[in-house]
Number of protein chains: 2
Amino acid sequence: MTADWKALLLDLSGVLFDGRRPIDGAVAFMRRARQSGRPLRFVTNTATKPAATIVDEMRQMGFEASLEELFTAPRAAHDYIASRGLRPYCLVHPSIRPEFDDVPQTDPNCVLLGDARDELNYRNLNRAFRLLHAGAPLIGIGLNRYFMDEGGMMLDTGAFIRGLEWAAGIDAVIMGKPSAAFFAQVVADTGLSAGDCLMVGDDVVADVAGAVAAGLQGCLVRTGKFRPGDESALPQGAQVIDRIEELVLPGS
Amino acid sequence: MTADWKALLLDLSGVLFDGRRPIDGAVAFMRRARQSGRPLRFVTNTATKPAATIVDEMRQMGFEASLEELFTAPRAAHDYIASRGLRPYCLVHPSIRPEFDDVPQTDPNCVLLGDARDELNYRNLNRAFRLLHAGAPLIGIGLNRYFMDEGGMMLDTGAFIRGLEWAAGIDAVIMGKPSAAFFAQVVADTGLSAGDCLMVGDDVVADVAGAVAAGLQGCLVRTGKFRPGDESALPQGAQVIDRIEELVLPGS
């Protein structure tokens, strides 16, 4: 198989590493990818760590990465909220709350919902519901079903977004994958066309189908949260590889 | 308007009382309804109080009621689980947990989800998700969007059911309203046909549309959680009244 893409967009967790452990061959692959000279971007819905921490941890694992190459769903949500002058009720993980410190939050008129873990309790979800029921928009950080953690499968933000949407009879605005606007933002940053960009991820819906729907090429890896049967949701033309190290690089 | 029903099925909260306070005219209405001699049944998705407590509180408010007339979603769920020999992970309100004491619960092979309030935290919902993702069925106690409490609108179990269904890619079995099987169980107990039974409730979806879909007559009251605009979801032929005391009784 030859590579006909010019920029590579990589999901992080489950593609390059699991927890704090690099996936077999991923560090060496990343070195080869750098040598290819093609633009690299990192595209993640992770909402439990600030962007700077994500880059630090990647470097500690041996991956070369810069903040400028990293596109996170929380930062996209921040820009959406700030540009519209919204005042969010931030139901997000405590570790990313500082990323929203510059946004006014008293008397909230929207709900920002992310992978808030223990903050996703009945009291907080009910507060969010009341705002939504009164007409506030819901802004979701990603729309994933589950993710793979060191301890196993973990319920992700999408479940809470879908539940609140249903209860309040509304549709959320999704920041991050699989939002086409989010993919378009990353594509624009590469200076290339969407069709020249390849997105690789372990989430067949949010990563692969989302990217293909946004006009990119898509590739599913059989690591991370991948489970046999996921291929059935694969969009036409998308490729599947066992691990990121199998990805054919241009010119190789 | 004349009454062409032979048995009356009443939702409780929002129809006869709000919290511990009878709705205006409801106690006098119930006395007249008793005098009509027609069968009465109480049909509730309440999953925060044992059936005996519900009857006690009704009596304290001045409503004549018996356990035999009361059909609750938790009891329907109990019978469903016990008759199939299932071992539930009970994510229910602590106050109704004793109603499931006779059912084995170690090494669970199904998830029972109810209005568990503070038990609906991330840790417990994630435990439920893992069971569902591994193939266990989800049994929901009711499928309501929200309910009206003394403190205002409250997010109901349906949101958590819908969220888990979506994340695990499954369909829940719903016990209680709006399940047609649940309405059929109450109808059978009256000895009448579904078309001779009138269901009155403040939830246009779970009470009124659910009953009509199950072949009963339906009536929406503009008390409890009712909000202007709810009429748009009213099924054809269903009636609307401001309060339960306006309901026309047979022979009056």
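Computed from a predicted structure; not experimentally measured. (Residues numbered from 1 in each chain as written. Chains lettered and ligands numbered in written order. Predicted model: local features only at pLDDT ≥ 70, side-chain atom pairs only at ≥ 80, totals over all residues. Heavy atoms only, no water.)

1. Details of the domain arrangement of chain A
Interface extent is often summarised as the accessible area lost during association of the parts. Residues and elements named next belong to chain A. Here the domain parsing of chain A yields domain 1 (7-45 + 178-246) and domain 2 (74-175). Of note, the centres of domain 1 and domain 2, computed from C-alpha atoms alone, are 25 Å apart. Contacts between the two partners involve 14 residues from domain 1 and, on the opposite side, 13 residues from domain 2. Taking both partners together, domain 1 and domain 2 bury about 1,100 Å²; carbon and sulfur atoms supply 53% of that area. Sorting the residues of domain 1 by area buried against domain 2 places Asn 45, Lys 225 and Arg 227 first, and these three jointly supply 43% of that buried surface. The tally of links between domain 1 and domain 2 comes to zero salt bridges. (Domains from an automatic or database assignment. Contact = heavy atoms within 4.5 Å. Buried area = accessible area lost by both parts, 1.4 Å probe. Salt bridge = Lys/Arg side-chain N within 4 Å of Asp/Glu carboxyl O.)

2. Considering the interface of chain A and chain B
Contact with chain A, which involves 28 residues of that partner, is made by 28 residues of chain B. Carbon and sulfur atoms supply 65% of the area that chain A and chain B bury against each other, a total of about 2,600 Å² over both sides. On the chain A side of the interface with chain B, the three residues burying the most area are Tyr122(A), Leu155(A) and Trp166(A), jointly 33% of the side's total. Put simply, chain A and chain B have zero salt bridges between them. The tally of links between chain A and chain B comes to 12 residue pairs in polar contact (both at pLDDT 80 or more). Looking at the side of chain A that touches chain B, the elements that each hand over two or more residues are helix H4 (122-133), strand S9 (146-149), strand S10 (152-155) and helix H5 (157-168) of chain A. A per-element tally of the side of chain A that touches chain B places H5(A) first, with eight residues. Tallied by class, the residues present in the side of chain A that touches chain B amount to 15 nonpolar, eight polar and five charged. (Polar contact = N/O pair within 3.5 Å; in protein donor to acceptor, adjacent residues only side chain to side chain. Helix = DSSP H or I, 4+ residues; strand = E, 2+ residues; numbered from the N terminus. Nonpolar A, V, L, I, M, F, W, Y, C, P; charged D, E, K, R; others polar.)

3. Considering the sheet that holds strand S1 (residues 7-10) of chain B
The strands that make up a sheet pair up through hydrogen bonds in the backbone, lying either parallel or antiparallel. All names here are of chain B. Taken in spatial order, the six strands of this open sheet run S5-S4-S1-S12-S13-S14, and their pairing is parallel. Of all strands in the sheet, those with a lone pairing partner are strand S5 (70-72) and strand S14 (239-241), marking the two edges. With strand direction ignored, the average angle separating the axes of adjacent strands in the sheet is 25°. Along the sheet, helix H2 (residues 51-60) makes contact with strand S4 (40-44) and S5, crossing S5 at roughly 135°. Helix H7 (residues 204-213) contacts strand S12 (197-201) and strand S13 (217-221) of the sheet and is inclined by roughly 160° relative to S13. (Pairing = 2+ DSSP bridges. Axes fitted to C-alpha atoms, helices over the stretch in contact; angles between N-to-C directions.)

4. Let's talk about the pairing of S4(B)
Residue and element names in this part refer to chain B. The element S4 is largely enclosed, with a buried count of five among its five residues. Residue alternation in S4 divides its side chains into two sets, Leu 40, Phe 42 and Thr 44 and Arg 41 and Val 43, and both sets are buried. In this structure, S1 lies alongside S4, joined through three bridges in parallel fashion. In the sheet register, Leu 9 faces S4, and the bridge partner there is Arg 41. A crossover links S4 with its parallel partner S5, the connecting element being H2, and its sense is right-handed. (Buried < 20%, exposed > 50% of the residue type's maximum accessible area, 1.4 Å probe, protein only. Right-handed = clockwise from strand over helix to strand, strands pointing away.)

5. Some remarks on the pairing of strand S8 (residues 138-141) of chain A
Residues and elements named next belong to chain A. The two faces of S8 match: Leu 138 and Gly 140 on one face and Ile 139 and Ile 141 on the other face are all buried. With three bridges connecting them, strand S7 (residues 110-113) and S8 associate as parallel partners. By the bridge assignment for S8, Leu 112 is matched with Ile 139. Taking the sense of rotation as the criterion, the β-α-β connection linking S7, H4 and S8 turns out right-handed. Relative to strand S11 (residues 173-175), S8 is paired through three bridges, and the arrangement is parallel. Across the sheet, the residue bridging to Ile 141 is Met 175, located in S11.

6. A few points about the packing of H4(A) against H5(A)
Residue and element names in this part refer to chain A. Between H4 and H5, the shortest axis-to-axis distance is 10 Å and the interhelical angle comes to 45°. It follows that H4 is oblique to H5 by the angle criterion. Note that H4 runs across H5; the crossing there is right-handed. On H5, the residues that touch Leu 125, Ala 128, Phe 129, Leu 132 and His 133 of H4 are Phe 160, Leu 164, Ala 167 and Ala 168. Tallied by class, the residues present in the contact of H4 with H5 amount to eight nonpolar, one polar and no charged. (Parallel < 35°, antiparallel > 145°, perpendicular 65-115°, else oblique. Left-handed = near helix turned anticlockwise from the far one by under 90°.)

7. Some words on the relation of the copies chain A and chain B
Superposing chain A onto chain B takes a rotation of 180° combined with a translation of 0.0 Å along the rotation axis, leaving an RMSD of 0.0 Å. Expressed as a symmetry operation, the mapping of one chain copy onto the other fits a two-fold axis. The fraction of interface residues of chain A whose copies in chain B are also interface residues reaches 100%, indicating that both copies meet through the same surface. (Least-squares fit on C-alpha atoms with pLDDT ≥ 70 in both.)

8. Here's the deal with the nonpolar core
Core analysis: the largest hydrophobic core is formed by 58 residues, its most contacted members being Leu155(A), Phe160(A), Leu164(A), Leu155(B), Phe160(B) and Leu164(B). The contact partners of Leu155(A), leaving out residues within four places of it in the chain, are Arg145(A), Tyr146(A), Phe147(A), Phe160(A), Tyr122(B), Leu125(B), Asn126(B), Phe129(B), Leu164(B) and Ala167(B). (Core = buried A, V, L, I, M, F, W, Y, C linked by side-chain atoms within 4.5 Å.)

9. Looking at empty space enclosed by the protein
Taken as a whole and judged by the stated rule, the model has one cavity of 30 Å³ or more. Looking at the largest cavity, the residues that line it are Leu125(A), Leu155(A), Ala159(A), Phe160(A), Gly163(A), Leu164(A), Leu125(B), Leu155(B), Ala159(B), Phe160(B), Gly163(B) and Leu164(B). The class makeup of the residues in the lining of the largest cavity is 10 nonpolar, two polar and no charged. (1 Å grid on protein atoms, 1.4 Å probe; cavity = no way out; pocket = protein on both sides within 12 Å on 5 of 7 lines; lining within 4 Å. Points joined across faces, edges and corners; volume = space filled by probe spheres on them.)

10. Remarks on the environment of Gly191(A)
Inspection of the secondary structure assignment puts Gly191(A) in the loop between helix H6 (180-190) and strand S12 (197-201). Each C-alpha atom of the pair Gly191(A) and Pro39(A) lies 9.4 Å from the other, and the pair is 152 residues apart in sequence.

11. Considering H7(B)
Buried within H7(B) are the following residues: Val204(B), Ala206(B), Asp207(B), Val208(B), Gly210(B) and Ala211(B). Phi turns positive one or two residues past the end of H7(B), at Gly215(B), with a value near 95°.

12. A word on helix H6 (residues 180-190) of chain B
Residue and element names in this part refer to chain B. Within H6, the full set of buried residues consists of Phe 182, Phe 183, Val 186, Val 187 and Thr 190. The buried residues of H6 occupy an angular sector of 135° when projected down its axis, which confines them to one face. Across from the buried face of H6, at angles greater than 90 degrees, the exposed residues are Ala 181 and Ala 188. One side-chain oxygen at the N-terminal end of H6 lies 3.2 Å from the backbone nitrogen of Ala 181; it belongs to Ser 179. Where H6 ends, the next residue or the one after it, Gly 191, has phi of about 80°, a positive value. (Arc of directions from axis to C-beta.)

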